[in-house]
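Topology and contacts: notes
Each chain is listed here by its residues.
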Amino acid sequence: MWKTRAAVVGVIAAAAFLAAAEFAALFLGGSGSPLVAVGGAVIDLAPPGAKDLMVSLFGTGDKIALFVLMIVIVGSVSGGAGVLERRRPAAGAVVFAIGGVLSLLAVTTRSGSGTLDGAPTVIGVAAAIIVLRVLTARLRRWERVADVPTRAHDGDDTSTTDRRGPAVTSAGTARRSFLVWGVTTAALAVVVGGASRLGTATMQAAVAARRAIRLPTPASAAPAVPSGASLDVTGITPVITSNDAFYRIDTALRVPSVDPAQWKLRIHGAVDREVEITWDELLALPLEEHVATMSCVSNEVGGDLIGTAKWLGHPIRELLARASPHDSADMVLSTSVDGFTAGTPLDVLQDAGTAALLAVGMNGEPLPPEHGFPVRMVVPGLYGYVSATKWVTDLEVTRFADAEGYWTPRGWSERGPVKLESRIDVPRAGATVQAGSTVAVAGVAWQPHTGVKGVQVRVDDGAWQDATLAESISADTWRQWVWRWTPTKGSHRLQVRAISADGAVQTSVERPPAPNGATGWHEVTVTAA
Ligand SMILES: Nc1nc2c(c(=O)[nH]1)N[C@H]1C(S)=C(S)[C@@H](COP(=O)(O)O)O[C@H]1N2
Ligand SMILES: [Mo]
């Protein structure tokens, strides 16, 4: 019986290995799973005859058969490790360490393996050894205090310490302690391991689905970005931000994976008719392309939590019109699969002049997973936290008096229109420029949905000088600007301010990002030598 129990401990330790490794692999984008890597290695290493035999014996079930075979092998070896560990502490741990090294070899020699791919195996081995030691210690204690006549028949008791020491614990307590720890660990391993494996599988399904998507051509294409929208200045922010360079802000520890085939959006709440729309239905609707600048409320003056992309999507206003919101409503609470919510003014979403989109495309591609695949909201003129819900699945028509978005109870304003701001990209703070030469002072300025009509620069608190503006794409996008400067020798302070299309001048008042966006002039100090 002790031998069986020790073997069971070994198997639980193996389960802990797999569970911890799968859990870790989940956070590494699904790569580094020893289960997958070892299975792959076995297939690769098997002689052709063995493969043919497997296929002829099990047909298309050969993968399942391999899996069962692996379980039998891993089960027997880990059972053996459990028995070894009970006989001699650390002996079983060595078996797991050897298994870990083999698995590490399998993981790191896979094609396309990344630097962190070994981490799940290492974490798994650590978990297995801890579980093995903890459970074996409890098993020994139980064994020590129990009066076990069958032990002699096992004939495997080489340990002398087991017989010594006063039985401070009763056999019942020791037995219970072992069982509770054993069952809890086993259950935890099954739940965590199973859920992690499932998570990885859905994530990989979503990645495959994204790759297979061909976005429809828009019914109304965004006007081509005029060549005059980009200034020829080294180091200036590109007018269109590439998907890779686009800032990412969200509360998701792990990028949610949503299979578009399963995706649905529900519009409900204070509406005459609930509307539900699937991915295929959304793609069949007329899609619009629109270039818009999106910014985070947490962006500091001079910060880079801002980007401009060409979004493809269907106007939210059309879907709201189908649902027909009640007059009493003034807010739409959008919810993501990950639970994040944003409260957006209903009138902004209904406004015919605002390209508030249920977006499926970003710069000509399906949304990248970290930017909300398959569907997100984009609302020109509002900070992301009150408008740009990624992985969106639910729109509830409600009132600001009755509901609030994720950040509102956390110290941020209920409403978040983007503030008039500007930034100096070049020269960088602390740079050295050449005295007497022409230096391009350049950057971007924005107030999405209002637009920018002027930018001014001043040096050392001198008079404001008008910068040259690049052509505007639309009122919804930032504008590049440049001012040519001939510095004199010494240290100089450059400041910038923007003038909105409405004629408002960017305020010098310095405010932090909380509760509704930073203000103040961006400045850099440079040395002319
Ligand atoms: N699901 C979800 N959507 C979200 C957020 C989030 O935390 N979760 N953050 C919002 C905030 S604060 C911003 S600024 C934008 C950022 O979008 P991006 O990561 O694509 O740049 O997403 C918004 N949408
Ligand atoms: Mo944000």
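Placed above this text is the structure.
Residues numbered from 1 in each chain as written. Chains lettered and ligands numbered in written order. Predicted model: local features only at pLDDT ≥ 70, side-chain atom pairs only at ≥ 80, totals over all residues. Heavy atoms only, no water.

Before going further, it helps to spend a moment on the overall build of the chain. Scanning the chain for helices and strands turns up 11 helices and 19 strands. At 31 Å, the chain has a C-alpha radius of gyration far larger than the 24 Å of a compact globule built from 529 residues. Principal-axis analysis of the C-alpha atoms gives the chain an extent of 100 × 65 × 55 Å. Within the chain, the fraction of its 529 residues that count as buried is 48%. In the form shown here, the chain has an accessible surface area of approximately 24,400 Å², with 59% of it arising from carbon and sulfur atoms. When the 46 positive and 48 negative side-chain charges of the chain are each reduced to one mean point, those points stand 11 Å apart. (Helix = DSSP H or I, 4+ residues; strand = E, 2+ residues; numbered from the N terminus. Rg over C-alpha atoms; globule rule 2.2 N^0.38 Å. Buried < 20%, exposed > 50% of the residue type's maximum accessible area, 1.4 Å probe, protein only. Areas by Shrake-Rupley, 256 points an atom, 1.4 Å probe, with all protein chains shown as cover. Lys, Arg positive; Asp, Glu negative; His and termini not counted. Charge placed at Lys NZ, Arg CZ, Asp CG, Glu CD.)

Ligand 1 sits among 19 residues. The nearest are Tyr247, Thr251, His371, Arg376 and Lys390. Isolated, ligand 1 exposes 530 Å² of accessible area, and the fraction of that covered by the protein chains is 99%. In the shell around ligand 1, the residues fall into nine nonpolar, five polar and five charged. (Near = heavy atom within 4 Å. Nonpolar A, V, L, I, M, F, W, Y, C, P; charged D, E, K, R; others polar.)

For helix 4 (residues 62–87), built from 26 residues, the straight-helix expectation of 38 Å at 1.5 Å per residue is met to within 8% by its first-to-last C-alpha distance of 38 Å. Considered for burial, the residues of helix 4 that qualify are Ala65, Leu66, Met70, Ser78, Gly79, Ala81, Gly82, Val83, Glu85 and Arg86. Those residues of helix 4 that are buried are in contact with helix 1 (2–27), helix 2 (34–45), helix 3 (48–58), helix 5 (91–108) and helix 6 (119–145). (Expected span 1.5 Å × (residues − 1). Contact = heavy atoms within 4.5 Å.)

Moving on: the pairing of strand 10 (residues 392–398). Within strand 10, five of the seven residues are buried, which leaves the element mostly enclosed by the surrounding structure. Pairing of strand 1 (residues 264–269) with strand 10, which is carried by four bridges, proceeds in the parallel orientation. Note on strand 10: the bridge partner recorded for Arg266 is Asp394. Relative to strand 10, strand 5 (residues 331–336) runs antiparallel, the two being bridged by six bridges. (Pairing = 2+ DSSP bridges.)

In this structure, Leu265, Ile267, Trp311, Leu358 and Val397 are the most contacted members of the largest nonpolar core, which totals 65 residues. No other element matches the five residues that strand 7 (residues 357–362) contributes to this core. With residues up to four places along the chain from it excluded, the contact list for Ile267 reads Glu274, Val275, Leu319, Leu320, Ala323, Leu395 and Val397. Counting residues in hydrophobic clusters, the runner-up holds 23 residues, among them Phe96, Leu132, Leu135 and Ala146. (Core = buried A, V, L, I, M, F, W, Y, C linked by side-chain atoms within 4.5 Å.)

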